Each structure stands twice: as C-alpha cells, then as structure tokens.
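Spelled out from the first residue to the last, the chains are:
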Amino acid sequence: MSEFEQLVDAHYEALYRFAMSLSKNADTAADLVQQTFCIWAQKGHQLKERDKAKTWLFTTLHREFLALARKAKRYSDEELTEAVAGKICSEEDDTERTMDGQRALELLGDLDETFRAPLALFYLQQHSYKEIAEILDVPIGTVMSRISRAKEMLRRRMTAEPSSAPKNILQLQPEALKSNHG
C-alpha cells in the first residue's frame, strides 16, 4: 500500500465527518474531502514534518470550505447555496439520548462557522486546542474562547428550543380504552 493510500485510509472518515459538520451536505462534504486529497497529491511532498499530515489535511479542508462559502456568497448559485446551507439529515430513533444527540448536531449546524468549526474539531474529531489553532490559523486563546462560547450557545438553544421528540404522539383517553375492552 502506498503512502498516499495509507494517508487516505487513516484520515478519510475523520475528514468526511468534519466536512459534513461544516457543509451539512453529504455531496459537498465528499467533494471537499476529495479536493483535499487532490491538493495533498499535488503539494503534500512539500510538507517537511510528516507527523503534521493530519493537521495539514484538516487545515486544507477548512480553507477549501471557506473558499466554497465565499464563492457561494459571491455568486448566487441556488444549488450551491442549498448545499452550503443544507441541514444534516437525521434518522429517526426512539431513544432519548439519540434524539438529544441529533438535536445537538442540528443546533451545531445552525451555529455560525466561526463557532461551529472549532467545536466540531474539538468534540467530533478530538483535536487538541493547539491543532485546532493551527488548522483554523487563529491563536490558541481564540480557539478556547470560541469553543466556550459555542458550548454556551448550544446549551442555551438545547434548553430554550423544543426538542426533536416526535410531535405526533397520540393522547390516550383511559375512558375510551375501558369502553372498548369492557
């Protein structure tokens, strides 16, 4: 297996999850990851410290997402706008924990990218503050501040907005049950 194939195997899934958290669209996320690996194929040999490949890939993906977002703002291409502003699709599940997790991901998707990216990198991709600072090209204090503020925003929204619990729950009337079984 080539070095490139090993790199793809090692990081594809994590890069895709990060791209999905940014773009909220499966096709756009896949395109961002593919573009990231294309750039690696062209420029990766320039990286002197091979142990920094993961950080380099996440930084490149984030920059590609920002470029895509800028392009979407500049050109009002409806399809691209929908891809960038789309919602994360969630499968229905009857457990409260899954619904809370899905709700948190939905609300994460609603956060401004400034707060969404560091929070996703920290909690979904398990990057350190230092790695996130390198990926986003901001000071480490800014990373910590943004993560803290994003967590507080999510906490407020989770408690203020109704949950994603099923809305079509039937109201049972015990009297009606007695008459049918009596």
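Per an unreviewed UniProt entry, the chain is named RNA polymerase sigma factor, and its organism is Luteolibacter soli. Checking UniProt for the chain, the heading Sequence similarities (unreviewed entry) contains the comment "Belongs to the sigma-70 factor family. ECF subfamily."

Trainee: Looking at this structure, I do not really get the overall build of the chain. What am I missing?
Mentor: In terms of helices and strands, the chain carries nine helices and zero strands. Along the chain, helices and strands appear, N-terminal first, in the series α-α-α-α-α-α-α-α-α. Evaluated residue by residue, the chain yields a buried proportion of 34% over its 182 residues. Accessible surface, the chain: about 12000 Å² in total, of which carbon and sulfur atoms supply 51%.

Trainee: It is not clear to me how the packing of helix H1 (residues 3–23) against helix H2 (residues 26–43) should be interpreted in this structure. Could you clarify?
Mentor: A pair of packed helices is captured by two measures, namely the crossing angle of their axes and the spacing between those axes. For the pair H1 and H2, the least separation of the axes is 8 Å and the interaxial angle reads 140°. With respect to H2, the element H1 is oriented oblique. As for how H1 packs across H2, the hand of that crossing is right-handed. Facing Phe4, Leu7, Val8, Tyr12, Leu15, Tyr16, Ala19, Met20 and Ser23 of H1, the residues of H2 in contact are Ala26, Thr28, Ala29, Ala30, Leu32, Val33, Phe37, Trp40 and Ala41. Within the contact of H1 with H2, the residues separate by chemical class into 16 nonpolar, two polar and no charged.

Trainee: Sorry if this is basic, but what is going on with the packing of helix H7 (residues 129–136) against helix H8 (residues 140–160) here?
Mentor: Packing of H7 against H8 brings their axes to within 8 Å, and their N-to-C directions diverge by 105°. Regarding the angle of H7 to H8, the classification is roughly perpendicular. Of the residues in H8, those touching H7 at Tyr129, Lys130, Ile132 and Ala133 are Ile140, Val143, Met144 and Ile147.

Trainee: Would you explain the side chain of Thr36 in this entry?
Mentor: Mapped onto the elements of the fold, Thr36 is located in helix H2. With residues up to four places along the chain from it excluded, the contact list for Thr36 reads Trp56, Leu57, Thr60 and Leu61.

Trainee: Sorry if this is basic, but what is going on with the packing of aromatic side chains here?
Mentor: Each aromatic ring pair is summarised here by two numbers: the centre-to-centre distance and the angle between the ring planes. Taken as a whole, this structure holds seven aromatic pairs when the rule is applied. Ring geometry for Tyr12 and Tyr16: centres 6.4 Å apart, planes at 10°, overall stacked. Taken together, the residues span about one helical turn, with Tyr12 and Tyr16 both in helix H1 at a distance of four residues. Residue class for Tyr12 comes out partly exposed when judged on its relative accessible area of 34%. Judged by its relative accessible area of 26%, Tyr16 is partly exposed. Centroid distance Trp40 to Trp56: 5.0 Å. Interplanar angle 75°. Geometry classified as edge-to-face. Within this pair, whereas Trp40 is found in helix H2, its partner Trp56 is found in helix H3 (residues 53–74), the two being separated by 16 residues in sequence. Taken together, Phe4, Tyr12, Tyr16 and Phe37 form an aromatic cluster joined through their ring pairs.

Cut-offs applied
- Residues numbered from 1 in each chain as written.
- Predicted model: local features only at pLDDT ≥ 70, side-chain atom pairs only at ≥ 80, totals over all residues.
- Heavy atoms only, no water.
- UniProt positions renumbered as here; feature names shortened; annotations may be inferred.
- Helix = DSSP H or I, 4+ residues; strand = E, 2+ residues; numbered from the N terminus.
- Buried < 20%, exposed > 50% of the residue type's maximum accessible area, 1.4 Å probe, protein only.
- Areas by Shrake-Rupley, 256 points an atom, 1.4 Å probe, with all protein chains shown as cover.
- Axes fitted to C-alpha atoms, helices over the stretch in contact; angles between N-to-C directions.
- Parallel < 35°, antiparallel > 145°, perpendicular 65-115°, else oblique.
- Left-handed = near helix turned anticlockwise from the far one by under 90°.
- Contact = heavy atoms within 4.5 Å.
- Nonpolar A, V, L, I, M, F, W, Y, C, P; charged D, E, K, R; others polar.
- Phe/Tyr/Trp six-rings, centres within 6.5 Å; stacked < 30°, edge-to-face > 60°.

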